[in-house]
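# Chains, contacts and geometry: an overview
Residues per chain are reported as follows:
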Amino acid sequence: MKHFFLYLFLVLGSFACTVHRKAASVQGPPMDTLWTSAVLGPHHTGFALYDLGTGKPVYEYQADKYFTPASNTKLFTFFAGLKTLGDSVEALRYIVRNDSLIFWGTGDPTLLNLNYGGSRAIDFLKSRSETLVYWPGRFEQDAWGSGWAWDDYNDYYQAELSALPLYGNVVRFSGKQAGSLSYMPRFFELIPDLPGNRFSVRRDFMTNDFHATAVPVAGGYEQDVPYRTSPALTVKLLQEATGKSVGTVQTFSSPAYQSLRSVPSDSLYKHMLQPSDNFMAEQILLLVASRLEQPLKSSTAIDYVLKNHLADLPDKASWVDGSGLSRFNLFTPRDIIVLLTKILQTAPRERVFPLLAVGGKTGTIRNYFKTPDGEPYVFAKSGSLNGVYNLSGYLTTKSGKTFAFSFMNNNFVRPTSEIRRETERILTAVHAQY
C-alpha cells in the first residue's frame, strides 16, 4: 500500500510545477513535494478517491475546495430524480369537468422531443372526445436558469424551460440532401436574409423570427435553434399536433386529478447523463417539483433535496440549476464523493452504471478509457465549460476494487483535450495499479 501511494503521488504529480502545501483534507502521503507536469500545474485542480468497499477515502487533494462543476451538476439532478420520481415520468395531469378535459404540464421534456420521440400525451389528447382545455399551471420558473449566458440563446444546449415543452422547445433545421431544407415544427417561418456563404439559422433575441443565410443548405446539415416559449404558443403547437381545437383557462384549482404516465424514468436519466442533455436535466428538476405538489420551479426541487437528502454534505453546496450551465454552481470534490455514495445507496450499481457515460463505449467519454479487451472500467459524468473540465463517477480496478472519484479542473487556458487526456492517464494508472 505504501508503494502504491508513492506511485499515485508521482502520477498525480501532474497537478503542479511548484511546491504545494498539504491541504487539511489530504489523506495519504504529504503534499509538500515538487510536482512536474505542465498540463495540470498552472490551473486549479481538486481530486478525491474513495474506496466503496472499505468506506474510506484513499486519496484527496484540495477536495475541500470549491470548483465550478459544469455538467457534473447533472449527478445531483440524477440523484434528485432517483429520490422522487419513481419508475416512470408523469406526462401530464388532467380532470374531466362536464364535457371538457382540462390538462396541464408537469415538466415532462419528452413530448414530441426530436431527440426522444415521445408522443403518448399527443395520442392521448387525440383520442379524447371532450373539449380540450389547457391550463398553464403553476409554472414559476424563469425561461432560463440563474446565471446562464444570455448570448447563448440561439444554441441548442440552452433551450427555454416550460411546464409543457413540445419538440424539446427547439426548431430543428436539417438538410439531408444538399439544397433541400426541412424543419420541425413547421409552425414557424424562415426568412433568408442573413449575409454569409455557409447556411445557418439565427433567431431574433426577443421574438420567434428565424433568419437564415441566403445560400443553399449543405447536405448533412442539422441545427437546433430554441424558440421563445409562451402558453399561447404551446396552445398553437398543440392544435397543430393534435388536429383539434384547444382552449385555455387561466385560473383553475383542483386537489384531485388523474395522471398520464409517459416513459421510464431511467430512459430520461440516460438521455441526460450520456450525451449530457441540458434541457432534460432542467426539466427533471421541474418534474421533481411537480411530484412534490409544488409550483414548477427549479429552486423548489433543489431546496427539498438539499434539506431532506443531502443535509450531511461535508461542505455547503451552491446548487442553482439542473444542468450546470450556470457558473453560480459550486461543489467540492468531497461533496461529489458523498453524492456518488448516496446514489449507490439509492439504486444498485447494475442500474446506475449503464446510465452514466461509459469509458470507451458511450456518451461523452466513449473515445477515452478504451481497453484491449473492451471491458469498461470508468462510469462517469463529465463537465465542460470554457476553462472547466471535470470528471466524476465510478472506477473499477484490475484487482476488483470499486472506487468513487471526483477529478475537477478549473481556470485553465490550454485546450480542453489536453486536460481530458491527462485525466485519462491518471485514472488509467489508478485502474492498473490498485
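How each quantity is defined
Residues numbered from 1 in each chain as written. Predicted model: local features only at pLDDT ≥ 70, side-chain atom pairs only at ≥ 80, totals over all residues. Heavy atoms only, no water. Helix = DSSP H or I, 4+ residues; strand = E, 2+ residues; numbered from the N terminus. Rg over C-alpha atoms; globule rule 2.2 N^0.38 Å. Buried < 20%, exposed > 50% of the residue type's maximum accessible area, 1.4 Å probe, protein only. Contact = heavy atoms within 4.5 Å. Areas by Shrake-Rupley, 256 points an atom, 1.4 Å probe, with all protein chains shown as cover. Lys, Arg positive; Asp, Glu negative; His and termini not counted. Charge placed at Lys NZ, Arg CZ, Asp CG, Glu CD. Core = buried A, V, L, I, M, F, W, Y, C linked by side-chain atoms within 4.5 Å. Pairing = 2+ DSSP bridges. Axes fitted to C-alpha atoms, helices over the stretch in contact; angles between N-to-C directions. 1 Å grid on protein atoms, 1.4 Å probe; cavity = no way out; pocket = protein on both sides within 12 Å on 5 of 7 lines; lining within 4 Å. Points joined across faces, edges and corners; volume = space filled by probe spheres on them.

Another point: the overall build of the protein chain. When helices and strands are tallied, the protein chain shows 10 helices and 17 strands. For the protein chain, the C-alpha radius of gyration of 24 Å lies close to 22 Å, the compact-globule estimate for 434 residues. Taking the principal axes of its C-alpha atoms as reference, the protein chain extends roughly 75 × 55 × 40 Å. Burial status across the protein chain gives 56% buried among its 434 residues. Partitioning the intrachain contacts of the protein chain with sequence separation of at least 6 by distance along the chain shows that 66% fall at a separation of at least 24. When the accessible surface of the protein chain is totalled, it reaches about 18700 Å², and 50% of it is carbon and sulfur. Across the protein chain, the mean location of the 43 positive side-chain charges is 5 Å away from that of the 38 negative side-chain charges.

A separate point is the nonpolar core. Ranked by size, the top nonpolar core spans 46 residues in total, and within it F78 and W319 carry the most contacts. Mapped onto this core, the elements with two or more residues apiece are β1 (44–51), α2 (73–84), α5 (265–273), α6 (278–291), α7 (298–308), α8 (333–346) and β17 (402–410). Those residues in contact with W319, other than ones at most four positions away along the chain, are T73, F76, T77, A80, L285, I302, V305, L306, L310, N329 and F331.

Ordered by their spatial adjacency, five strands build an open sheet running β12-β5-β4-β3-β13, and the pairing between neighbours is mixed. The open sheet terminates on both sides in strands that have one partner only, identified here as β12 (246–248) and β13 (258–264). Here the strands of the sheet are splayed against their neighbours by 30° on average, with no regard to which way each runs. The sheet contact formed by strand β3 (residues 88–97) and β13 spans five bridges and is antiparallel. The residue of β13 that forms the bridge with Y94 is Q258. Along the sheet, helix α3 (residues 120–127) contacts β3, β4 (100–105), β5 (131–134) and β13; its crossing angle with β13, the most-contacted strand, is approximately 145°. In the packing of α5 onto the sheet, the strands contacted are β3 and β13, and the crossing angle to β13 comes to about 50°.

Now for the sheet that holds β1. Reading across from one edge, β2-β1-β17-β16-β15-β14 is the order of the six strands in this open sheet, with antiparallel pairing throughout. Every interior strand has two partners, whereas the edge strands, β2 (56–61) and β14 (357–358), have only one.

This part is about the layout of surface pockets. What the largest pocket holds in volume is close to 790 Å³. Lining the largest pocket we find 37 residues, and of these Y156, Y157, P275, S276 and N278 sit closest to its centre. Counting residues per element, the ones that place at least two in the lining of the largest pocket are β6 (170–177), α6 and β15 (378–385). Element by element, the count of residues in the lining of the largest pocket is highest for β15, at five residues.

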